[in-house]
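Structural description and commentary
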Amino acid sequence: MTRKLQRTVRLPDPRVVFALAFVLSSFAVVIRGNLWLMIGLMAVSLLCAVCIGVDFRQMWRRLRRLLQLLLIVSILRSVFAPSGTILLELWGVQILTVGGIQIGALVLLRLGLFITSGAMFTCYSVRVLIQGMVQIKMPYELAYMVSVGVRFIPQLAEELKDSLTALQLRGVVIEELKLKKKLSLYTYLILPVIVSSMQNAKELAMSMEMRAFRAERNRTSFYALSLKPSDIVMLCGILAFTILMGVILIVGVDIF
Amino acid sequence: MDERFTLELRDISFSYPARERRQNFSLAVKHFVPSGQCTAIMGENGSGKTTLGKLAAGLLRPDAGCVLYDGEDIAGWKLGQIGRQVGYLFQEPSRQLFTPRPLEELSFAQKLRGVPQDEAEDKATELLRQFELEHIKDNTTYTLSRGEKQRLAIAAAMVAQPRFFVLDEPTTGLDKRRRGILAETLHSLMSKNVGILLISHDCAFVDEMQADIRIMDGGGLVDA
């Protein structure tokens with residue numbers, strides 16, 4: 001058993017995390033206009049992520065640029081949806097309003113919730129996640145496809161970086177290009193990465209076929225997951241939380 | 001080509017960031033100036049040949065020390081500026097091919113740099129002829145054989161007319177006749193004062209290039 005696999009034995013069953021991530025991200029989509037409820041949901045999500053053992057420092061390193069982008073999107077959203085008390089106005093244009101800030105914050109929290117939900121899976125080995133998917137009756141091929149997709153993400157990022165480097169080494173100074181040429185440059189970058197991904201996928205498929213993937217209809221697993229009493233308690237907790245949130249949303253109970 | 005280009009690596013040390021796979025590797029080179037028109041770096045796998053080549057081409061930035069082109073430190077240079085002086089051929093040619101057609105591959109970077117279309121295509125056609133790729137000029141780039149991709153990548157590196165080339169395993173996938181053609185092309189470039197840093201395991205090709213050989217081991221030049 002790999003170290004990560006051994007560590008995951010002490011973690012909640014991945015099916016518990018599937019349920020948790022599903023509930024959190026579903027409510028992130030459903031909640032509209034209630035900032036305090038969204039903050040509460042985010043707090044629950046962060047608490048769960050901490051308990052599961054998400055490495056936030058590593059997450060920050062990996063997603064720093066994306067988070068900066070999300071912050072910019074939220075600020076833009078806030079600027080373009082002004083409402084309520086005006087906090088800053090320039091040349092008759094409402095730049096900052098209380099309502100705009102609330103909308104921007106909602107967008108940021110919603111995206112943050114998706115990221116936190118996804119981050120919980122990083123604590124598990126791919127093998128355990130696939131096993132979890134298979135044991136919730138997802139077809140093995142589909143579960144395996146998801147895991148392969150995840151594995152290819154860093155490779156794609158590396159290829160994109162290499163392609164950008166190679167392109168610049170042809171004497172193209174990107175900063176000097178006009179917008180139209182810059183846009184055409186990005187099409188040159190994306191195309192080889194897509195082709196390379198398809199070629200990688202084809203080679204992987206061939207290699208899997210050569211190792212008799214799907215030769216037998218039913219697969220057996222040496223490593224099988226079983227729900228511990230603590231997992232069942234957590235599942236019950238998630239169910240109770242879902243009902244509570246559902247009641248708040250449907251009945252409109254203003255607890256905040 | 002006018003004056004001879006000088007490349008110099010001074011007091012270089014480099015190690016890969018912790019997140020990368022080769023975190024146990026470190027390179028230290030006190031002083032390296034490719035002597036003669038063609039210098040070959042040879043050594044075992046993992047000895048640091050490619051890392052040295054990438055440092056020389058400005059693809060990697062040293063932790064300490066400096067890389068000088070014609071006596072000027074390139075620390076603040078953009079990759080595009082470096083590419084106008086030094087051409088680099090990657091070990092894996094697919095990573096430096098961008099377009100669906102070979103003819104476009106050799107002309108698009110010129111067009112981006114503002115070269116008129118006719119001029120860019122003439123130059124591209126000439127390079128395709130030189131590397132015996134004319135017959136596949138309208139084929140799909142991605143389905144070419146490894147050898148064809150390698151030749152196309154070398155031709156593409158030559159488009160910007162750099163004054164120095166770093167070629168990482170340029171003979172991989174080339175048959176004997178095409179290795180000969182490559183050697184001829186490189187000799188013709190050398191006659192125009194273009195310098196070459198050749199990273200290779202191919203002793204016969206290194207001999208053919210009459211290169212000055214330097215040996216790398218454990219991240220350093222052993223003959224320094």
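Please read all numbers here as calculations on a predicted model, not as lab measurements.

Reading the values: the criteria
- Residues numbered from 1 in each chain as written.
- Chains lettered and ligands numbered in written order.
- Predicted model: local features only at pLDDT ≥ 70, side-chain atom pairs only at ≥ 80, totals over all residues.
- Heavy atoms only, no water.
- Phe/Tyr/Trp six-rings, centres within 6.5 Å; stacked < 30°, edge-to-face > 60°.
- Buried < 20%, exposed > 50% of the residue type's maximum accessible area, 1.4 Å probe, protein only.
- Helix = DSSP H or I, 4+ residues; strand = E, 2+ residues; numbered from the N terminus.
- pLDDT = per-residue confidence, 0-100.
- Axes fitted to C-alpha atoms, helices over the stretch in contact; angles between N-to-C directions.
- Parallel < 35°, antiparallel > 145°, perpendicular 65-115°, else oblique.
- Left-handed = near helix turned anticlockwise from the far one by under 90°.
- Contact = heavy atoms within 4.5 Å.
- Pairing = 2+ DSSP bridges.
- Buried area = accessible area lost by both parts, 1.4 Å probe.
- Salt bridge = Lys/Arg side-chain N within 4 Å of Asp/Glu carboxyl O.
- Polar contact = N/O pair within 3.5 Å; in protein donor to acceptor, adjacent residues only side chain to side chain.
- 1 Å grid on protein atoms, 1.4 Å probe; cavity = no way out; pocket = protein on both sides within 12 Å on 5 of 7 lines; lining within 4 Å.
- Points joined across faces, edges and corners; volume = space filled by probe spheres on them.
- Nonpolar A, V, L, I, M, F, W, Y, C, P; charged D, E, K, R; others polar.
- Patch = residues over 30% accessible without salt bridge, like charges linked within 9 Å, V, L, I, M, F, W, Y side chains within 5 Å.
- Areas by Shrake-Rupley, 256 points an atom, 1.4 Å probe, with all protein chains shown as cover.

**As for the packing of aromatic side chains**
Residues and elements named next belong to chain B. Summed over the entire model, instances satisfying the criterion amount to twelve aromatic pairs over all chains. Taking the centre distance of 5.0 Å and the plane angle of 75° together, the rings of tyrosine 88 and phenylalanine 90 count as edge-to-face. For the pair formed by tyrosine 88 and phenylalanine 90, the shared burial category is buried. Between phenylalanine 98 and phenylalanine 108, the ring centres sit 5.8 Å apart and the planes meet at 65°, which makes this aromatic pair edge-to-face. Highlighted residues: phenylalanine 98 in the loop between strand E6 (86-89) and helix H3 (102-112) and phenylalanine 108 in helix H3, separated in sequence by ten residues. Phenylalanine 108 matches phenylalanine 98 in its accessibility class, with the two residues each being buried.

**Describing the confidence of the model for chain A**
Mean pLDDT over chain A stands at 83; residues scoring 70 or higher make up 95%. Averaged pLDDT values over the elements of chain A bottom out at 54 in helix H1 (residues 3-10) of chain A and peak at 93 in helix H2 (residues 14-30) of chain A.

**Regarding the packing of H2(A) against helix H3 (residues 35-52) of chain A**
Residue and element names in this part refer to chain A. Put simply, H2 and H3 touch, their axes get as near as 10 Å, and they point 160° apart. Here H2 is positioned roughly antiparallel relative to H3, judged by the angle of their axes. Relative to H3, the crossing made by H2 is left-handed. Where H2 abuts H3, its residues Val17, Leu20, Leu24, Phe27 and Ala28 lie against Met38, Leu41, Ser45, Cys48 and Ile52.

**Things to note about the side chain of Thr141(B)**
Inspection of the secondary structure assignment puts Thr141(B) in the loop between helix H4 (117-130) and helix H5 (146-159). Thr141(B) has contacts with Leu97(B), Thr99(B), Pro100(B), Arg101(B), Pro102(B), Lys149(B) and Leu152(B), leaving out every residue within four places of it along the chain.

**Topic: the sheet that holds strand E7 (residues 164-168) of chain B**
Residue and element names in this part refer to chain B. The sheet built from six strands is open, its strands ordered E6-E7-E8-E3-E9-E10 with mixed pairing. Each having just a single partner strand, E6 and strand E10 (220-221) make up the two edges of the open sheet. Sheet topology note: the strand E9 (residues 212-217)/E10 ladder contains two bridges and is antiparallel. From the neighbouring strand, aspartate 217 faces E10, where its bridge partner is glycine 220.

**Re the interface of chain B and chain A**
The interface is formed by 30 residues belonging to chain B together with 25 residues belonging to chain A. Between chain B and chain A, roughly 2,400 Å² of surface is buried when both sides are summed, and carbon and sulfur atoms account for 62% of that area. Broken down residue by residue, the surface that chain B buries against chain A is led by Arg95(B), Phe98(B) and Leu112(B), which jointly contribute 32%. For the pair chain B and chain A, the interface holds two salt bridges. Note that Glu105(B) is salt-bridged to Arg170(A), the shortest N-O span being 2.5 Å. At the boundary of chain B and chain A, one finds seven residue pairs in polar contact (both at pLDDT 80 or more). Listing elements by their share of the side of chain B that touches chain A, those giving two or more residues are helix H2 (79-83), E6 and H3 of chain B. If you tally residues by element for the side of chain B that touches chain A, the top one is H3(B), at six residues.

**A few points about empty space enclosed by the protein**
Residues and elements named next belong to chain B. Scanning all chains against the criterion turns up two cavities of 30 Å³ or more. Counted as a void, the largest cavity has a volume near 60 Å³. Split by residue class, the lining of the largest cavity holds six nonpolar, one polar and one charged. If you trace the second largest cavity, you find it lined by Phe131, Glu132, Arg151, Arg178, Ile181 and Leu182. Per-element tally for the lining of the second largest cavity: the top contributor is helix H6 (residues 176-191), with three residues. The class makeup of the residues in the lining of the second largest cavity is three nonpolar, no polar and three charged.

**With respect to a nonpolar patch on the surface**
All names here are of chain A. On the surface, Val29, Val30, Phe114, Leu239, Ile243, Val247, Leu249, Ile250 and Val251 cluster together into a nonpolar patch covering about 830 Å² of accessible area. Within the residue set of the nonpolar patch, elements represented by two or more residues are H2 and helix H9 (229-251). In terms of residue count, H9 provides more of the nonpolar patch than any other element does, six residues in total. Inspection of the secondary structure assignment puts isoleucine 243 in helix H9.

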